[in-house]
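Listed here are the chains, written in short residue letters.
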Amino acid sequence: MLPAVTVAVLAGGYGWLGDRVAGTSGAVVGCLVGLAVSGLLHLLVERAVSGRPPSPPSRD
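Residues numbered from 1 in each chain as written. Predicted model: local features only at pLDDT ≥ 70, side-chain atom pairs only at ≥ 80, totals over all residues. Heavy atoms only, no water.

1. So, the overall build of the protein
Here is the rule we go by: Numbered from the N terminus, helices here are DSSP runs of H or I no shorter than four residues, and strands are runs of E no shorter than two. Our radius of gyration looks at C-alpha atoms and nothing else; its globule reference is 2.2 Å times the residue count to the power 0.38. Remark: exposure states derive from per-residue accessible area (1.4 Å probe, protein chains only) relative to the maximum for the residue type, with buried under 20%, exposed over 50%, and partly exposed in between. For the area figures, the Shrake-Rupley method with a 1.4 Å probe applies, and any residue is considered shielded solely by the protein chains shown.
Tallying secondary structure elements over the protein gives one helix and zero strands in all. Scaling as 2.2 N^0.38, a compact globule of 60 residues should have a C-alpha radius of gyration of about 10 Å, whereas the protein reaches 18 Å, well beyond that. Oriented by its inertia axes, the alpha-carbon framework of the protein measures out at about 65 × 15 × 10 Å. Burial analysis of the protein (60 residues in total) assigns 15% to the buried set. Surface accessibility of the protein: about 4,900 Å² in total, with carbon and sulfur atoms responsible for 70%.

If you want it as structure tokens, here you go:
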């Protein structure tokens, strides 16, 4: 699981960038984008780490 600091930094960074571009509404949208990026990053990392499930043993 992604640490809370990572999620906070991504949401805060996108929020700050959105604030510089479009003010308060941009900050809100930026925070939401940061949370979405965190979620996607979490899914990609979990998929890469988990790999394939083990196959059942074959009976020869």
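2. Considerations on a nonpolar patch on the surface
Note the threshold: Without a salt bridge and with relative accessible area above 30%, a residue can belong to a patch; like charges are then joined within 9 Å and nonpolar side chains (Val, Leu, Ile, Met, Phe, Trp, Tyr) within 5 Å. Salt bridge, as used here: a side-chain nitrogen of Lys or Arg that lies within 4 Å of a carboxyl oxygen of Asp or Glu.
The grouping of Y14, V29 and V33 at the surface amounts to a nonpolar patch, some 240 Å² of accessible area in total. Its location among the elements puts Y14 in helix α1 (residues 4–50). We classify Y14 as partly exposed; its relative accessible area is 33%.

3. Here's the deal with the pattern of salt bridges
According to the stated counting rule, one finds one salt bridge in the structure shown. Across the salt bridge formed by R20 and D19, the nearest N and O atoms sit 3.6 Å from each other. By relative accessible area, which is 55% here, R20 ends up exposed.

4. Let's talk about α1
Here is the rule we go by: Expected helix span is computed as 1.5 Å times (number of residues minus one). Values of bend correspond, residue by residue, to the angle between axes fitted over the seven residues ending at that residue and the seven starting there.
For α1, with 47 residues, the first-to-last C-alpha span of 21 Å runs short of the 69 Å given by 1.5 Å per residue. A bend of about 150° at A22 is the largest found in α1. Backbone geometry just downstream of α1 places G51 in the positive-phi region, at approximately 65°.

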